[in-house]
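Listed below are the residues making up each chain.
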Amino acid sequence: MLAVYLLLAAVAVWAFWKRQFVVFLLCYLAIVSQLFMLDGTTEHQRCSDVCILINLALIPFVQVQSGRLRITRTMPDGSQFSRSSVLGYSPRLDPFALYVFVFLLFYLGEFIATVTSNADSLSYAFKVVRISLMMMGYFAFRAIPFKAYERFFEIGLYITLLQGLLYLLQFVGIHILTGYDKEKVASEGFNFALNIPNLTYFYLFYVLKARKYGKWRYAIFLFLFVLVLLTFVRAILIALLVALLIFFIREGSRRTVITGLVMVVLMLPFVMGVFRTKSSVRSTTTVEDITQVATDIENIDLYSFNSGTLTFRIAMLAERIQYLSDYPQYAAFGVGAIHEDSPACANRFDFLLGTENLEKVGQRCQIDSGDIAWVPVVLRYGWVGTALHLLLFIMVFIVAWRARSTARIVVPIFILYFINTFDSVFFEAGFPLFFTSLMMAWVFRSKREDLPEKNENERERTI
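Student: When you look at the overall build of the protein in this model, what are you seeing that I'm missing?
Tutor: If you tally the helices and strands in the protein, you get 20 helices and 2 strands. Taking the contacts inside the protein whose residues are at least 6 apart along the sequence as the reference set, 69% of them involve residues at least 24 apart. In the form shown here, the protein has an accessible surface area of approximately 20,900 Å², with 63% of it arising from carbon and sulfur atoms.

Student: Would you explain the packing of aromatic side chains in this entry?
Tutor: To describe a pair of aromatic rings, you give the distance between the ring centres and the angle between the ring planes. As enumerated under the stated definition, the model contains 56 aromatic pairs in all. Ring centres of Phe393 and Phe426 lie 5.3 Å apart, and the angle between their planes is 45°; on these two criteria the pair is classed as tilted. Separated by 33 residues along the polypeptide, Phe393 in helix 18 (residues 374-401) and Phe426 in the loop between helix 19 (410-420) and helix 20 (430-448) bring together distant segments of the chain. When the ring centre of Phe444 is taken as origin, the NZ or CZ atom of Arg142, which lies over that ring, is 5.6 Å away. The ring of Phe351 carries the charged tip of Arg320 above its face, separated from the ring centre by 4.1 Å.

Student: Teacher, can you tell me more about the packing of helix 2 (residues 21-32) against helix 4 (residues 44-57) here?
Tutor: A pair of packed helices can be characterised by two numbers: the angle between their axes and the separation between those axes. Interaxial distance between helix 2 and helix 4 falls to 8 Å at its minimum, and their mutual angle equals 150°. In terms of orientation, helix 2 lies roughly antiparallel with respect to helix 4. Here helix 2 contributes Phe24, Tyr28, Ile31 and Val32 to the contact with helix 4, which in turn contributes Cys47, Val50, Cys51, Ile54 and Asn55. Here the residues of the contact of helix 2 with helix 4 sort into 8 nonpolar, 1 polar and no charged.

Student: Before we go on, may I ask you to explain the pattern of salt bridges in this structure?
Tutor: Pairing between side chains of opposite charge can happen when their charged atoms approach one another. Enumeration over the complete set of coordinates arrives at 11 salt bridges. One salt bridge in this structure joins Arg142 and Asp94, with 2.5 Å as the shortest N-O distance. Taken together, the residues span a long stretch of sequence, with Arg142 in the loop between helix 8 (137-141) and helix 9 (146-169) and Asp94 in the loop between strand 2 (80-86) and helix 6 (95-116) at a distance of 48 residues. As a salt-bridge pair, Arg313 and Asp423 come within 2.9 Å of each other at their nearest N and O atoms. Of this pair, Arg313 sits in helix 16 (residues 310-326) while Asp423 sits in the loop between helix 19 and helix 20; the two residues are 110 residues apart in sequence, bridging distant segments of the chain. Considered together, Arg313 and Asp423 belong to a single accessibility category, that of buried residues. Each member of the salt-bridge network shares a partner with another, and the members are Glu43, Arg46, Asp49 and Arg130.

Student: Sorry if this is basic, but what is going on with the confidence of the model for the protein here?
Tutor: In regions of low pLDDT, the predicted coordinates are not meant to be interpreted in detail. Looking at the protein, the pLDDT average stands at 84 and 83% of residues meet or exceed 70. The weakest mean pLDDT in the protein belongs to strand 1 (residues 68-74) at 52; the strongest belongs to helix 2 at 97. pLDDT under 50 marks residues 453-463. Its contacts with residues more than four places away, or in other chains, come to 21 contacts.

Student: Is there a simple way to think about the side chain of Thr200 in this case?
Tutor: Turning to its location among the elements, Thr200 is positioned in helix 11 (residues 200-209). Judged by its relative accessible area of 0%, Thr200 is buried. Setting aside anything within four residues of it in sequence, one finds Thr200 in contact with Thr160, Leu224 and Val228.

Student: Would you take a moment to explain helix 13 (residues 234-251) for this structure?
Tutor: Two residues of an α-helix separated by three or four positions point the same way, owing to the 3.6 residues in each turn. The end-to-end C-alpha distance of helix 13 is 26 Å, a good match for the 26 Å that 18 residues give at a rise of 1.5 Å each. Considered for burial, the residues of helix 13 that qualify are Arg234, Ala235, Ile236, Leu237, Ala239, Leu240, Leu241, Ala243, Leu244, Phe247, Phe248 and Arg250.

Rules used in this analysis
- Residue positions are counted from 1 within each chain, in the order its sequence is given.
- Under the rules for a predicted model, residues below a pLDDT of 70 receive no local features and side-chain atom pairs below 80 are neither given nor counted, while totals for whole chains, interfaces and linings still include all residues.
- Excluding hydrogens and water, the side-chain values take into account all heavy atoms of the structure.
- Helix and strand definitions follow DSSP, with helices as H or I runs of at least four residues and strands as E runs of at least two, each counted in order from the N terminus.
- Throughout, a contact is declared for two residues whenever any of their heavy atoms are within 4.5 Å.
- All accessible areas in this document rest on Shrake-Rupley with a 1.4 Å probe, and a residue is counted as covered only by the protein chains that are shown.
- Stacked, edge-to-face and tilted labels apply to pairs of Phe, Tyr and Trp rings (six-membered ring for Trp) whose centres lie within 6.5 Å, assigned for plane angles under 30 degrees, over 60, and everything in between, in that order.
- A ring is scored as having a charge over it whenever the NZ atom of a lysine or the CZ atom of an arginine sits within 6 Å of its centre and within 35 degrees of its normal.
- Fitted lines through C-alpha atoms give the axes, limited to the stretch in contact for helices. The angle between two N-to-C directions lies from 0 to 180 degrees.
- Angle categories: roughly parallel below 35 degrees, roughly antiparallel above 145, roughly perpendicular from 65 to 115, and oblique for all the rest.
- Three residue categories are used. Nonpolar comprises Ala, Val, Leu, Ile, Met, Phe, Trp, Tyr, Cys and Pro, charged comprises Asp, Glu, Lys and Arg, and polar comprises the others, including Gly.
- For this analysis, a salt bridge means a side-chain nitrogen from Lys or Arg found within 4 Å of a carboxyl oxygen belonging to Asp or Glu.
- Residue burial is assigned from relative accessible area. The probe radius is 1.4 Å, only protein chains are included, and a residue is buried under 20% of its type maximum, exposed over 50%, and partly exposed in between.
- The score called pLDDT rates the predictor's confidence residue by residue, from a low of 0 to a high of 100.
- In this analysis, the expected span of each helix is defined as 1.5 Å times one less than the number of residues it contains.

Structure representation (structure tokens):
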């Protein structure tokens, strides 16, 4: 299968060079999503590595293919000064580009510090930090015109709906999509599936905002919402309800707010049904999880050895924070880019709590976590690194909040993603970083082209 991915990578680079941006995005999505979730033989990380190769191969092309940004400034005497510059890799007047540069430099610094201090070997340290190179895709994505994004999203919706149908077939025993965990389903005692289509959350909001779908948008929304329900993940459902409320309030009109409130109220019985089903096979309910964390934070590590609960995730995070407190020399920048599978990790850490991993001696991870995204970030990169990663969400919220096009849906989407970081991976996986880069570039293009207030021939915008 590697040959297929490399062929798609070559097509992606060629398409970018020829300014066939929709083809480029589709190839990129196919690679990062394991051939649209149809390839169960290739690991996620291998797909991310191919995307990183694309990012590196595009370095000489981004400067050439990027459009020009016209900057208009008003001088103190009232006159206007205007000039244009090529986007390329320039961070001028682009907070996202500046952030990506800082993000990559931080990872480079962590890599150098890890190797020079002998905290881990060069090869293992590189395996950890290489995922940050996914963010380089931002510079290629921001060269893509807004109209190309709209066409890509139209095609992506059809792909997502088809994936949704394949997802539902899993409940009648037909498994075509990759990611269905039969062992986990058997252990839980009821049928569910976590492998919803990659862009489900995005299209939940996109179809509500894009007027071109008319009355069909509610039918599409309900179909996608059913897919989310069938994951039976309580954190995702809570995050989705919060994000939907913010989305409808953000839209402003009284009719929109009322419509949103009605939809949320109508969805609550189904959400509560999921909660009851999930709680019946767990030792604690969602309310008990939250209450335990809120009222007994000092002692949750005494009885939180089972993964999958909020108390376990918070206890695991608290144990890593306590490590930084016990070794203050690592508080600022963490222990470094130590790989989970390296001897340096096995010989150094012996945490009581960790994501289950039957292949390890203690049958639990010491650094990586599939239960909460912040455990590896806090331990590896300390408080400075944690603040930098948290800043990503804050910056996206602030910049996207002021968007005047469909791109404003990025706000509730990333609120959902942020809440979900306490129940899943994020910074250690390729697809979330790809999606983050893509959404930042989409917001940038919407602001650059000043949509929908100005037409295409009047793109003078100070960003």
